[in-house]
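Secondary and tertiary structure notes
These are the residues of each chain, in order.
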Amino acid sequence: MEKFVIQGGIPLSGEITAAGNKNAALPILAACLLTEEELLLHNVPRIRDTEAQLALLERLGVEVEWTTGNSLRLCAASVSESAADEELSSRIRASFLLAGPLLARFGEATMPPPGGDFIGRRRLDAHLDAFRELGARVDGDRWIELSAPPKGLAACRIFMDEPSVMGTENALMAAALTPGTTVIGNAACEPHVQDLARMLIGMGAEIGGIGSNVLAVTGRDRLGGTRHRIAADHIEVGSFMALAGVTGGELRIRDVVPEDLRMIRLVFERLGLHSELDGTDCVVPGGQKLVVHRDAGDYKLKLQDGPWPAFPADLTSIAVAVATQSEGSVLIHEWMFENRLIFTDKLVLMGADIVLCDPHRAIVSGPSRLRGERLESPDIRAGMAMLIAALCANGRSEIGNIRQIDRGYERIDERLRELGARIERVATTPAVPA
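Residues numbered from 1 in each chain as written. Predicted model: local features only at pLDDT ≥ 70, side-chain atom pairs only at ≥ 80, totals over all residues. Heavy atoms only, no water.

With respect to the overall build of the protein
The number of helices and strands found in the protein is 14 helices and 23 strands. A compact globule built from 434 residues would reach a C-alpha radius of gyration of about 22 Å, and the protein, at 22 Å, matches this within 12%. Counting only C-alpha atoms, the protein reaches 65 × 60 × 45 Å along its principal axes. Out of the 434 residues belonging to the protein, those deemed buried represent 56%. Nonlocal contacts in the protein, meaning residues at least 24 apart in sequence, comprise 72% of its contacts between residues at least 6 apart. Split by element, the accessible area of the protein, about 17100 Å² in all, is 47% carbon and sulfur. Taking the average location of the 46 positive side-chain charges in the protein and that of its 59 negative ones, the two points are 2 Å from each other. (Helix = DSSP H or I, 4+ residues; strand = E, 2+ residues; numbered from the N terminus. Rg over C-alpha atoms; globule rule 2.2 N^0.38 Å. Buried < 20%, exposed > 50% of the residue type's maximum accessible area, 1.4 Å probe, protein only. Contact = heavy atoms within 4.5 Å. Areas by Shrake-Rupley, 256 points an atom, 1.4 Å probe, with all protein chains shown as cover. Lys, Arg positive; Asp, Glu negative; His and termini not counted. Charge placed at Lys NZ, Arg CZ, Asp CG, Glu CD.)

So, in structure tokens, the structure goes:
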């Protein structure tokens, strides 16, 4: 076990390059199961979640080789197993992304319950409904057993009962290896879904409607290998924008996808955090005074997340941290997950003025003079929000359970030190029973 020890109050300035999108990498890794040919992937984030996904694939028989830096070669030619490992599946929610490729290629899949963050109930119904529409039989309750009919899956029309990101990704991958045209309605259209679709096109599928909520997938009975570079992680970019804003530093974030930042920049601007685009760089000017922009009519600002292209739910915790340093008051409405805002008690302990109205809504008033505290990270994004708070707080903070932060942010402590942060990764000593 490790913890971060942070001395706050230092502006973070300099340049940093955005890592590959975690939420694109996880389904893209799973897509290697769709073909016997090699995939060569670039800009793969080396984080705990991708390590767990690769371990699942290796257990199935996939050949995995890191070539240089963040480039990875995958080959699933020797895979014959269609049951995912239970212990490895319990580590990440994205383990269930193996279901679609296994079902499409081998006609069956056995999936144990997936793990992941405890941010509220996370349904599998959208995935299972899509598999049923494609002709699969779905059995089981906790363990899910999927089986295709003797002639294989059949192209169809699918309507997602909610725009589930992973549900859309599983449907996309299964449809890509199903001959004929499958139409997916009410589909998720987040940047990571788009990136997966672009790679599947490289493997031989035809996909129309990328970036919209209706996808038309013309699948093949055989897909080939390809080379693909994973796009920059807009959630990480947003996290670094927030870090610069609350500490008062000037930061240039390189290799972003400007279009993916449209709503993120708009929402942060309403919290008083200004940013500029310079080609494929995002620049946060230094020394900003953050002031909340009230809604028209001088009403309290309301920020609400939602499916893309709305403000991403994964940045809601980050927005809360920014709001603690913005002059004014804001209502933050996290309508997607009922446990996402529970972590705010940690920020209150540091001195933040936050009223948790109910599991979905919080009123944040700022700016608050935060003080260093000992904290525990409950999930990836709450952990980053606490890290942001610690870096702008007065005094020393300790954040435990940092494996949660490591699940989503590559070498975060090393990269922050390059920006001037005083942060150390320290091994913790297990408590000795009395």
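Here's the deal with the pattern of salt bridges
If the charged atoms of two oppositely charged side chains come close together, the side chains can form a pair. One pass over the full model with this rule turns up 36 salt bridges. R123 is paired through a salt bridge with D161; the nearest N and O atoms lie 2.8 Å apart. With a gap of 38 residues between them, R123 in the loop between β6 (108-111) and α5 (125-133) and D161 in the loop between β9 (157-159) and α6 (165-176) connect regions that are remote in the sequence. Taken together, the salt bridges that share partners define one network made up of E2, D406, D413, R417 and R425. (Salt bridge = Lys/Arg side-chain N within 4 Å of Asp/Glu carboxyl O.)

Re empty space enclosed by the protein
A full pass over the atoms with the stated rule returns one cavity of 30 Å³ or more. Estimated volume of the largest cavity: approximately 40 Å³. Residue lining of the largest cavity: L303, Q304, D305, F311, T316, A319, I332 and H333, and that is the complete set. Looking at side-chain class alone, the lining of the largest cavity contains four nonpolar, three polar and one charged residues. (1 Å grid on protein atoms, 1.4 Å probe; cavity = no way out; pocket = protein on both sides within 12 Å on 5 of 7 lines; lining within 4 Å. Points joined across faces, edges and corners; volume = space filled by probe spheres on them. Nonpolar A, V, L, I, M, F, W, Y, C, P; charged D, E, K, R; others polar.)

Here we look at the sheet that holds strand β5 (residues 72-75)
With respect to topology, four strands assemble into an open sheet ordered β4-β5-β3-β13, the strand pairing being mixed. Only two strands of the sheet have a single neighbouring strand rather than two, namely β4 (63-66) and β13 (226-229). The mean inter-strand angle of the sheet, taken between neighbouring strand axes irrespective of direction, is 15 degrees. Across four bridges, β4 lies against β5 in antiparallel orientation. In the sheet register, V64 faces β5, and the bridge partner there is L74. Each of β3 (38-42), β5 and β13 is contacted by helix α1 (residues 22-30), which is oriented at about 170 degrees to β3, the strand it contacts most. Packed on one face of the sheet, helix α7 (residues 191-202) meets β3 and β13 and runs near 160 degrees to β13. (Pairing = 2+ DSSP bridges. Axes fitted to C-alpha atoms, helices over the stretch in contact; angles between N-to-C directions.)

Focus on the environment of W66
Note that W66 resides in strand β4. By relative accessible area, W66 is classed as partly exposed at 25%. For the pair W66 and L41, spaced 25 residues apart in sequence, the C-alpha separation works out to 9.5 Å.

What about the pairing of strand β1 (residues 2-7)?
Pairing of β1 with strand β23 (residues 422-427), which is carried by six bridges, proceeds in the antiparallel orientation. Residue pairing for β23: F4 is matched across the bridge by R425. Summarising the sheet, β1 and strand β22 (residues 396-400) pair through four bridges and their orientation is antiparallel. Residue pairing in the sheet places I6 in a bridge with S397 of β22.

Some points on the packing of aromatic side chains
Both the distance between ring centres and the angle between the ring planes are used here to describe each pair of aromatic rings. Evaluated as defined, the whole model comprises one aromatic pair. Both rings, one in F268 and one in F311, keep their centres 6.2 Å apart while their planes meet at 65 degrees; by these two values the pair is edge-to-face. With F268 in helix α9 (residues 262-270) and F311 in the loop between β17 (301-304) and α10 (316-323), this residue pair connects regions lying 43 residues apart in the sequence. Residues F268 and F311 agree in their burial class; the two are buried. In this arrangement the basic side chain of R46 is found over the ring face of W66, its NZ or CZ atom lying 3.9 Å from the centre. (Phe/Tyr/Trp six-rings, centres within 6.5 Å; stacked < 30°, edge-to-face > 60°. Lys NZ or Arg CZ within 6 Å of the ring centre and 35° of its normal.)

Topic: unusual backbone geometry
Cis rather than trans, the peptide bond between W308 and P309 has omega equal to 15 degrees. Omega for the bond connecting G366 with P367 falls within 30 degrees of zero, at 0 degrees, which places this linkage in the cis form. With respect to the secondary-structure elements, P367 resides in the loop between β20 (361-366) and β21 (374-376). Phi at N186 takes a positive value of approximately 55 degrees, unusual for a residue other than glycine. By secondary structure assignment, the location of N186 is in the loop between β10 (180-185) and α7.

Quick notes on the sheet that holds strand β16 (residues 281-284)
Judged by pairing direction, the sheet is mixed, and its four strands sit side by side in the order β2-β14-β16-β15 without closing on themselves. Both edges of this open sheet fall to β2 (14-17) and β15 (276-278), since each of them pairs with a single strand only. Averaged over all pairs of adjacent strands, the angle between strand axes in this sheet comes to 25 degrees, irrespective of strand direction. Along the sheet face, helix α8 (residues 234-247) touches β2, β14 (251-254) and β16 and points at about 170 degrees away from the line of β14.

Considering the packing of α6 against α7
Closest axis-to-axis distance for the α6/α7 pair is 10 Å, and the angle between their directions is 10 degrees. As the angle between them shows, α6 and α7 are arranged roughly parallel. Contacts from V165, T168, E169, L172, M173 and A176 of α6 reach α7 at H192, V193, L196, A197 and L200. Residue composition of the contact of α6 with α7, grouped by class: eight nonpolar, two polar and one charged. (Parallel < 35°, antiparallel > 145°, perpendicular 65-115°, else oblique.)

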